[in-house]
Amino acid sequence: MFTFQSIYYIIKRSTKFIYKIGCDDLKELDTRYSPQDFEERIYEVWMEHKAFKPEVHPEGKPYCVMMPPPNVTGNLHMGHALYTLQDIYVRLKRMEGYASLWLPGTDHASISTESRVVNKIRSQGKTKEELGREGFLEEAWAWTHEHGGNIIHQLKKLGASCDWDRLNFTLDEHFSHAVFEAFKHLYEEGLIYKGDRIINWCPDCGTAISDAEVEHEESESKIWEIKYPLEDGSGYLTIATTRPETMLGDLAVAVHPEDERYRNLVGKSILLPLTDRKIPIIADSYVDMEFGTGAVKITPSHDPNDFVVGERHSLGHLQVIDGEAKMNDNAYAYAGMDRYEARKAILRDLDAQGLLASEKSHENAVGHCERCGTVIEPLLSKQWFVKMEHLAKISLDQLDQGKPNFYPERFEKIYRHWLEDLKDWCISRQLWWGHRIPVYYCDDCQHVHVSSTDVSLCEACGSSHITQDSDTLDTWFSSALWPFGTLGWPNMDSEDLKKFFPTDLLVTGYDIIFFWVIRMVFSSLWHMDEVPFKDVFLTGLVRDKQGRKMSKSLGNGIDPLEIIREYGADALRFSLVIGNAPGNDLRFDDKKVENGRNFANKVWNAARFTLMNLPEDTTTDFSLDELEPQDLWILEKLNDTIATMNRNFSKYEVGLAADRIYSFIWEDYCDYYIEFCKNALYGEDERRKAHTRQVLLYVLRESLKLLHPFMPFITEEIYQALPSAEGLIITSSWPEVMSIDDSERDFRTVEKMKEVIRSIRNARSTRNIEAGKKSKVILAGNEELSKKMMEHGDLIRALVQVTEIEFSDTSLNAANFLKVSIPELDMYLPLKELIDFEKEKIQIQKNIQNYMQEIERLRQKLSNPGFTEKAPEAVVNKERDKLADYESLLSSAEQSLKELGE
């Protein structure tokens, strides 16, 4: 029953609620959850109070996460939205009292940025070469200043709690110095060299690109078999190739040493068609005897595998395709042709000479430049390389000692596999935007000088005629230094370096284990003698709801900012983590975001209800021995939630942690505890009312803290409205498990009450009983348990339509009751109080008539041979299943009619 005072109090509290945020201006907690009204304001408050800085806990143990640097001129996409996982751990550790640093930064993205600037220049009728290097770099910096920083603004919209005062950019002066020092150190130790290797060459971008920048696309291609005449005129050796234009650069034909078909040919020579050269037949175990004819053309200057074979057999090199993908002067009559034009001409000439044996369709994965889409040309080129043998060994040694730890553990095998098969790393790029290789050549005496600072005089002869190497470094070379270069290295006295290195956690996609994770590890081991991070938490890729990769060509890309504008950042963040297992790809569906917003709305309304029922002087100073069973139950549920989430977080099971706080708030706190509390809140017992308010406030406050890493904005907004809230939730203390003695654990009674309530609800729903229909409940079975249920009958009546609860130790006629059973207890609900028997009979009789008609129709259909013998078996079986279903429904309906007393 509501008193006049309680009704007045509720109306007063529901009008509006005033609170302070960050102890500054008064704000209003709206009656409606609208994240657009407060998310930006909350972020500004965090910034004003320097809440993201590790110095908020100056005595705390350091904890550091490095942000994988996004493209400085890029925009936020759904992959970046997974940065939420990093933020979750930084917020968690900050609340645990750590001096938490999430260090942000952006990458200069050499190929991407240069490509965009080149396109801009072309649109103005100019070329990169016309501008010259300095002029082009001015354009590139102007582009960066104009378009750079968008992604930083967008990450803030997502709620990223980075220390923005420590923002790094890979072309910053201090970081560039680190890059040049690293190059110099590796060069002086003999780990960097210049040599000829096969590289991925993009003819359109005009540069070598890394394997990470090559996208392989399956395409319907051709494979041709070509007859190579033996020098002695005794016959032909037939080879298969997908690239006949490269045959002009063949330096051998290889067969497997154990292939009996060709053993007598090894050491002989063939006449290379369309040329005046002869080349040897060699034996090499690289050849797959089962593929094609078992004889393979070897073109060391245009295929990475052939290059290795050529090195083993000292074949030398002969390049026939140039950097513009045209045939060069070594290509005989085909010189000057485009590679595909040359292919047609060569095939035509081979056919004319009777040397084209066959042409077949062939599925082939062709490498394309990820930036411009041009087909990659493997070319022999003089480039700068890092020797990998020693660096791979020291990385494997650390892995054998469990450093770093991989989550999920299965990715450790992939990491190990890559390390065991590392090839020398090509680090030079034929670009102008990026870190220019710090190698200087004396034009007079040809002395080579490597320096981290500009060189103006030759140290060997004193000449001032110095030319710097024109190439730039692979972007991954600078990114490999990220964990320590951003902290002040090579200055070993840097306070940040001493405090935060090695870092604690790297969160990144599994797709760049090789391209980034491995390179950071061996770079840190070489320069710092330590693995750069303790744990590696690998995420999957964000795909569309059909499981496809998001791309412009498919038109299935999602703009996170649009999602944030519609649903709020908290809803997006929560949708990305709940149900998401480490290392697994995530299917994005805006229905999940909608569910996240519904959850936020549930939290908001629960908080408003709680606040409307709390005087402003409410505290959480309750005594356990004065609490009711339902109060102890919710506290124990909270304890279990804290302990479970702590275990989940320690194993990087973020999705499970999110699921746990979700179920606790939605089910335990909102659906049950708040309902349990209403009798006390609106009753006359002031002592009980006060204790209920204290527990309501305590559980709400601690729940908000547990939810904060996932949904930082709404939790901060509500937290500031709590009575006696101190400071900001972002810098508050992480909840701890409360000690509750066994003697105080009547919460088990409440768990049984929940079973009773849930079972009665389900039974009423199954029988389609009207929501407003009430009845008494007769309990049978465990007498002691029944007495406890009766003792707390007011709580059960608050959640289910029950008038009174009785106990019976005599048998009851089940036909007159709706029987519900749980372990140790049967419950009987009198049907006469719930059902209009005559109305129910009429409905059941109608159902029986419909079921019988369907059964008769299906029996006739299935007795017709014209159907059963001609229709597909699956269709016939489906009709038989329907018949069985209707027969079952008929049986149940007849039984129900019988129980109602026909």
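Quick note: structure is the one above.
Residues numbered from 1 in each chain as written. Predicted model: local features only at pLDDT ≥ 70, side-chain atom pairs only at ≥ 80, totals over all residues. Heavy atoms only, no water.

Draft legend 1. Spatial organisation of the overall build of the protein chain. Along its length, the protein chain carries 29 helices and 31 strands. Radius of gyration (C-alpha) of the protein chain: 37 Å, far over the 29 Å computed for a compact globule of 902 residues. With the C-alpha coordinates of the protein chain rotated into their principal frame, the extents come out at 110 × 85 × 55 Å. Per-residue burial over the protein chain gives 54% buried out of 902 residues. Here the analysis covers contacts within the protein chain between residues at least 6 apart in sequence; of these, 77% occur between residues at least 24 apart. Accessible area of the protein chain: about 41000 Å², with a carbon and sulfur share of 46%. (Helix = DSSP H or I, 4+ residues; strand = E, 2+ residues; numbered from the N terminus. Rg over C-alpha atoms; globule rule 2.2 N^0.38 Å. Buried < 20%, exposed > 50% of the residue type's maximum accessible area, 1.4 Å probe, protein only. Contact = heavy atoms within 4.5 Å. Areas by Shrake-Rupley, 256 points an atom, 1.4 Å probe, with all protein chains shown as cover.)

Draft legend 2. Quick peek at the state of the cysteines. Scanning the model with the defined rule gives 0 disulfides in all. Counting only cysteine sulfurs, Cys162 is the nearest neighbor of Cys64, a cysteine outside any disulfide, at a range of 11 Å. Classification of Cys64 by relative accessible area gives buried; the value is 0%. The thiol of Cys677 is unpaired, and the distance to the nearest cysteine sulfur, on Cys670, comes to 11 Å. (Disulfide = S-S within 2.5 Å.)

Draft legend 3. Examining the sheet that holds strand β16 (residues 377–386) more closely. Within the open sheet, the 4 strands sit side by side as β8-β7-β16-β18. Their pairing is antiparallel. The sheet terminates laterally at β8 (207–209) and β18 (425–426), the two strands that pair on one side only. Strand direction decides the pairing type here: strand β7 (residues 192–202) and β16, joined by 10 bridges, are antiparallel. Bridging from a neighbouring strand, Ile198 pairs with Leu380 of β16. (Pairing = 2+ DSSP bridges.)

Draft legend 4. A look at the nonpolar core. Grouped together as the largest cluster of nonpolar side chains are 134 residues, with contacts concentrated most on Tyr89, Leu635 and Phe710. It is helix α21 (residues 654–681) that provides the largest number of residues to this core, a total of 14 residues. Counting residues in hydrophobic clusters, the runner-up holds 59 residues, among them Phe175, Ile192, Tyr415 and Trp482. (Core = buried A, V, L, I, M, F, W, Y, C linked by side-chain atoms within 4.5 Å.)

Draft legend 5. Representation of the packing of helix α18 (residues 569–577) against helix α19 (residues 590–612) in the model. Close contact between α18 and α19 brings their axes to 8 Å; oriented N to C, the two are set at 120°. For the element pair α18 / α19, the angle class is oblique. In terms of crossing hand, the pair formed by α18 and α19 is right-handed. When α18 is examined against α19, the residues Ala571, Leu572, Phe574 and Ser575 are found in contact with a partner set consisting of Lys592, Val593, Gly596, Arg597 and Phe599. By residue class, the composition of the contact of α18 with α19 is 5 nonpolar, 2 polar and 2 charged. (Axes fitted to C-alpha atoms, helices over the stretch in contact; angles between N-to-C directions. Parallel < 35°, antiparallel > 145°, perpendicular 65-115°, else oblique. Left-handed = near helix turned anticlockwise from the far one by under 90°. Nonpolar A, V, L, I, M, F, W, Y, C, P; charged D, E, K, R; others polar.)

Draft legend 6. Inspection of a negative patch on the surface at higher detail. Taken together, the side chains of Asp559, Glu562, Glu566, Asp590 and Glu594 make up a negatively charged region of the molecular surface. Broken down by secondary-structure element, the contributors of at least two residues to the negative patch are α17 (560–567) and α19. Mapped onto the secondary structure, Glu562 falls in helix α17. Note on Glu562: relative accessible area 48%, which makes it partly exposed. (Patch = residues over 30% accessible without salt bridge, like charges linked within 9 Å, V, L, I, M, F, W, Y side chains within 5 Å. Salt bridge = Lys/Arg side-chain N within 4 Å of Asp/Glu carboxyl O. Lys, Arg positive; Asp, Glu negative; His and termini not counted. Charge placed at Lys NZ, Arg CZ, Asp CG, Glu CD.)

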